Each structure stands twice: as C-alpha cells, then as structure tokens.
Amino acid sequence: MQSNGSQGEVYYPSETIVANANIHDYDALHQEAVADLAGFWDRIAREEFEWFEEWETTLDDSEAPFYKWFVGAKTNIVHNALDRHMNTWRQNKVALIWEGEDGEVRTYTYRQLQREVNRFASVLRALGVVKGDRVTIYMGRIPEIIVAMLACAKLGAVHSVVYGGFSTEALRERIDDSHSKILVTADGAWLRGQTVNLKDIADEALMRCPGIQNVIVVRRTGQDVHMESGRDLWYHEMMNLPIATTDIQTEVMDAEDPLFILYTSGTTGKPKAILHTHGGYMVGTATTLKWVFDLKDTDVWWCAAAPGWITGHSYIVYAPLINGATSMMYEGAPTHPFPDRWWQIVEEHGVTVLYTAPTAIRGLMRFGETWPNRRDLSSLRLLGSVGEPINPEAWKWYYRVIGKEKAPIMDTWWQTETGNFMITPLPVTPLKPGSATKGFPGVVVDVVDEEGEPVPPNEEGYLVIKTPWPAMLRTIYGDPDRYVEAYWSRFPGWYMPGDSAKKDEDGYIWIIGRIDDVIKVSGYRLGTAEIESALVSHPDVTEAAVVGVPDELKGNVIHAFCILQQGKDPSRELEMEVKEHVGHEMGPIAKPAVVEFVDSLPKTRSGKIMRRVLRAQVMGEPVGDLSTLAD
Ligand code: WT7
C-alpha cells in the first residue's frame, strides 16, 4: 500500500507482513527500552540465550565510554551459535547452503557444521592456539571461512578477518598490527570465472610478517601455490589427521572477553582495529536480526555481503546461527555467468529474505527487468539494504521488480563499530524510500549542530547516538585513547559515528554521508590515508591526496591527485601504472578512477591537505572559505 503525504511517498506494510511480525508495536517497545535500558536487555539476554553463569550487572557505565555489558557472566558465542542446537531438533536442520561460482553446492546441517568447527578448533589447538591469541583469516566466500571464525571463537582466540579483496600491503599491515601467529587462507578464490591468487598475495605479505608461525591453506581453486615447508599446511590434510578430533570443549568466556577484531578506516592514520566481545555482541546481533527480518524457522536467509566485513561477521556468521536459521551463501559475482545469477539462486534455493547493498542493486538494475522476470522470485517476503544511502530509484526498482511490491525493504544503518543494526525499520514500520527510518528499540538517535543542539527538521547536522547498546565496540584494540578521541570526544557522553544526516517532521532519519576522510566505494569503507600511503609508495610519486566523487553506480569513486618526483613527467602510461600499483598494494576496490598529476596541493598553514577544496574543484563547485589556505 502506498500514499503520498507531505513527506513524499509512504509505503505501508501489508496484512501478511503485519500478521507475521515478531514485533507489532515499535513505539511501545522503544519507550519501554529507553525507560529502562538495562532492564530491557537483561530480559532479552535471559530469555533468548544460554549462559554458563549469570551476570551481576547488566550495564556498567562507571568507566564510560568503556561500557561493559553482562558483567561477570560466562558464556561463549559458539555455545549459542552451535552447541546448544545439538540438544534440539535443529541439530539436523540445514545451517548453511553454499553455492560456488562454478555451480558446486554444499550444505551443512547444524550438526555437520559443529563437527567441522570442532575438528578445526582441534587443529588450531594442536598448533598452539590458546585463549586470547590472534588468528588472521584471509579468504573468499567459502564455508571454511565460517568454520575458521567459529573455531577461533570456540577456543577463545580472537579472529581478525581481512577481506579477501584486499591485497598485499593492506593484509601485511593488518597481520602485523594484530600480532597474529596463525594465518588461515586459501589457494585462491573464484571471481567472474577467474581466480584471485590469495596464497600468492599472502606469501608476499608474509615476507614482512615474521610473527606468523603457521599458514593453513584451504584448497579451493586447485591452482599451483608455493607451500613453505615447516610453515604452510593444507587444511584438508590437517583435518584428516587424528589430531582433528571432534572431542573438544568450548572455552568458557567472560561476557566481556574479546571475540574478534575487525579493521576499518577512520579519520586519519592507519586502520582501526574495532574490538567486539562474546556477550553483548551475541545478544545484540541475534536480537536485531530476529526483529528486523522477522526471522522464522521456515526462512532461507541470504545476506549477500562478504564474510570479511562486519555485515558478514554479524549477519552471515553469528546472528543467523544463534537464531538457528538456514543461511544461503554464494561465492562469486552476481552477474556470472549471466546477470540473473542471483535471481536463479533465489529461485533454486527458495530464498525468503535477501539483504544486500544499494551498489549491487544499481549494478543489477542496469541489465533491465527481463533477467529477474525470467525467474520465480515469489519466495521473497522481505528485502534489506545496507552500506550507503539507497537512492529512491534503486529502492523502487528493488521493491517493484524484485519484491513484487509485497516485500518491504529494511534499510539498515549501522557500522563496523556498532556491531548490529542501529537505525532501521521493523517490518511493520511505514517506509519512505531513502530513509533508514528510526532507532532500533532502545537506540536514541539525534541530529545535532556544532553545539550539540538538535537541528530543526530537514536540516543537516551531525548524527549522534545517545544511548549505549550491548553490541557496541568496546575499544580500538591496542589504542584506547584513540577510541575515546574518535567517537566520544566531539560530544562527550554521546557516540559520534562520523555521518551527517537530517531528521524529518516524522522523526525519520535520512543519512547523507560521511563527514570525515572516509570514502565509500561500492559500499566498501576506505580511508583516504591508506590509499594515499599506497600512492606515495610508488617510486615516482612524492605526495598524494584522494577525494571521493559521486558516481551513479558505485556511490563514490576515488579521484587521486599526485605530485611527481622531480624529473618525472606525467603520462597516460604512468597514470595506468599508478592505478595498478594501488590495486596491488591495497586491492582492486581502492584503485582510483582518476589519477591527476599536479604541481601542488592545497594545504592549511599547519600542513593539512584541504580535501574539501580538491573535491569542489573536481565537482566544479565553489571552493568556499579559503582563509586557512597556506597560499
Ligand atoms: C558507514 C559504515 C555496517 C554495514 C556495512 C557498512 C554507511 C551503512 C547505511 C545505510 C546510509 C549507510 C555510513 C556508515 N552506511 N549503512 N543504510 N544508509 N549509509 O559498515 O563499513 O563500517 O561503514 O556506512 O556512512 O557510517 P562500515
């Protein structure tokens, strides 16, 4: 149902959606949660999860912003994601349906997945991995990435997954910073019918990572790879040894013990290692998934993200398993071999909920309606969007062509740091295309000015979150000062995500974009600092600055400005070479769309590059206030 009010179009949920809803009255629930935040989460944590020992305090804010949740409780997220299902009928339920790009299909029941995880945990244990150790995981979208993550968590080791699309330098920096002693990777990954040489990339990174003692390699593509004797081990060989026993205990963890770190880009400097924990993250991710997507035992849930980003951590790996859901996972490109590959997967596996990014929708939109119309998409009952604002055209196409006007779109705003959905509709929420609507129950969101005062309706301001939540990041691993500085210093007492937004007369939030030096390319979060350091590592480049420029398909693309070494001349070849170099160092997603050679860069008197000026120049807009410019 649809109506045109003063706010533009509003889409109301159908009777079927309302009848199926896990949550019927958002306002009442939100008010209840805000009135007694600790009591609200205390009740959910008791009802929905298993704990080895209960907590003394639900929320400890005595050392804020170092909040603690479920203080004193003992659990392990893997106990809730796998072990506890063994005592129910769910042990024989399908946990994961995986489809390779080459068409291979594998399914794992909860029981089978648990046994695989136990065996891999035993292998890691035999290699000396103990509670608190860091393990880096670098591979494509294959079941073994889930197995590896869960095996770490089972032992109490901290996983650090590096997205399989990143390359040598990005991988090296993340291994190094985390002090990992084990790397789990694969020979390669399939993408668009080609192989990505993951092991080669890892080998190059490892030349400068002396801390890594062992590399475990999953065979996926079967390509030739170098195996360093004494260091490198095949996954399948290890899993066939007697040490790979299923008889292994799930480590008893404190609710506040680290579960994983995940690197993300921030305002300045090197990537930040965002730290999440066993207790709060478990409660937050599982509850948000259950409520926002009305998850039921009859669902086939498909989060089409990569496991290597927070979306995959929370909503491919942990939340679906904790809820006992059946998940779909697909290895490759949406358009391989044809543009209806995704729609074929929906049809063949009966996917009921699809969760993806606007950039993917726009990419598939380009191929027209004929491709999705060839497939039976009637199983879809809900859709989701994440990663960047969804433009109304893409929203409407997704709603009409994919959801057949019966599947509401849950536009979920959140971040690596938040761990779970923060601003999001529930299925019963009236929708406005392009708005992520309102705070999840208990999440108080506002849009404020420089002084922290709420801005009038429809005016731009800083997005802030005024209440703590269980799945919030606990710190930046190894850098607690930066945690305070980056998120809690601008408006003391409130969390500042780094986005600008507007709030309309109905209290709906409209995200505008990042206000810091983060560029979202196809929904991937990249930091200007990391790309710039990749640029200047090219021998001919002495200085570089990058800015994000709006792009119809990718949301933003990277425009790089480079100053060349004395005596080097700009050329088309050099431009190509510099782009390739960034691809090699950082990964294909970080490749600039344009490399422009310049003689100087606009800087403030204190030497800070004024990206705002560069951006205005590229966009042909007025450059604004130049009073701080050095010359
Ligand atoms: C940034 C966080 C968490 C999932 C993937 C991204 C942007 C995320 C939305 C949305 C508008 C969005 C924000 C945010 N963003 N979801 N629904 N509407 N913008 O996680 O890589 O940590 O990026 O993504 O700018 O700050 P991430």
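Visitor: How do you make sense of the nonpolar core when you look at a structure like this?
Guide: Nonpolar side chains in soluble globular proteins generally cluster together in the buried interior. If you look at the biggest cluster of nonpolar residues, it comprises 193 residues, and the most contacted ones within it are Phe 120 and Tyr 318. Ranked by residues supplied to this core, first place goes to helix α6 (residues 143-155) with 10 residues. Discounting chain neighbours no more than four positions away, the residues touching Phe 120 are Val 147, Ala 148, Ala 151, Val 184, Ile 216, Tyr 235 and Met 239. In this structure, Ala 545, Val 547, Val 549 and Leu 614 belong to the second largest nonpolar core, which totals 10 residues.

Visitor: Is there a simple way to explain the site of the ligand in this structure?
Guide: Residues in contact with the ligand amount to 17 residues; listed here are only the nearest, Asp 411, Thr 412, Thr 416, Asp 499 and Arg 525. Asp 411 is positioned such that a nitrogen or oxygen atom in its side chain is 2.7 Å from a nitrogen atom of the ligand. One nitrogen or oxygen atom from the main chain of Thr 412 is found 2.8 Å from a nitrogen atom belonging to the ligand. Relative to its unbound accessible surface of 560 Å², the ligand loses 97% to contact with the protein. Breaking the shell around the ligand down by element, the ones donating at least two residues are α11 (310-322) and β27 (509-514). Among the residues forming the shell around the ligand, the class breakdown is 6 nonpolar, 5 polar and 6 charged.

Visitor: Got a minute to help me understand the sheet that holds strand β21 (residues 382-385) in this structure?
Guide: Paired through their backbone hydrogen bonds, the strands of a sheet run either parallel or antiparallel. An order of β7-β6-β19-β18-β20-β21-β22 is seen for the 7 strands of this open sheet, with the pairing classed as mixed. Edge positions in the open sheet fall to β7 (105-109) and β22 (409-411), since each of these has one partner strand only. Sheet twist, expressed as the average angle between the axes of neighbouring strands with direction ignored, equals 20 degrees. In terms of strand pairing, strand β18 (residues 300-303) meets strand β20 (residues 353-356) through 3 bridges, oriented parallel. For Cys 303, the partnering residue across the bridge sits in β20 and is Tyr 355.

Visitor: Hey, could you run me through the environment of Arg 490 in this one?
Guide: Along the polypeptide, Arg 490 turns up in the loop between α16 (480-488) and β26 (499-503). Residues Arg 490 and Arg 231, 259 residues apart in the sequence, show an inter-C-alpha distance of 46 Å. Each residue touching Arg 490, except ones within four places of it in the same chain, is listed here: Glu 450, Tyr 462 and Met 496. Side-chain polar atoms of Arg 490 contact the side chain of Glu 450, separated by 2.6 Å.

The rules behind these values
- Residues numbered from 1 in each chain as written.
- Predicted model: local features only at pLDDT ≥ 70, side-chain atom pairs only at ≥ 80, totals over all residues.
- Heavy atoms only, no water.
- Core = buried A, V, L, I, M, F, W, Y, C linked by side-chain atoms within 4.5 Å.
- Buried < 20%, exposed > 50% of the residue type's maximum accessible area, 1.4 Å probe, protein only.
- Helix = DSSP H or I, 4+ residues; strand = E, 2+ residues; numbered from the N terminus.
- Contact = heavy atoms within 4.5 Å.
- Near = heavy atom within 4 Å.
- Polar contact = N/O pair within 3.5 Å; in protein donor to acceptor, adjacent residues only side chain to side chain.
- Areas by Shrake-Rupley, 256 points an atom, 1.4 Å probe, with all protein chains shown as cover.
- Nonpolar A, V, L, I, M, F, W, Y, C, P; charged D, E, K, R; others polar.
- Pairing = 2+ DSSP bridges.
- Axes fitted to C-alpha atoms, helices over the stretch in contact; angles between N-to-C directions.

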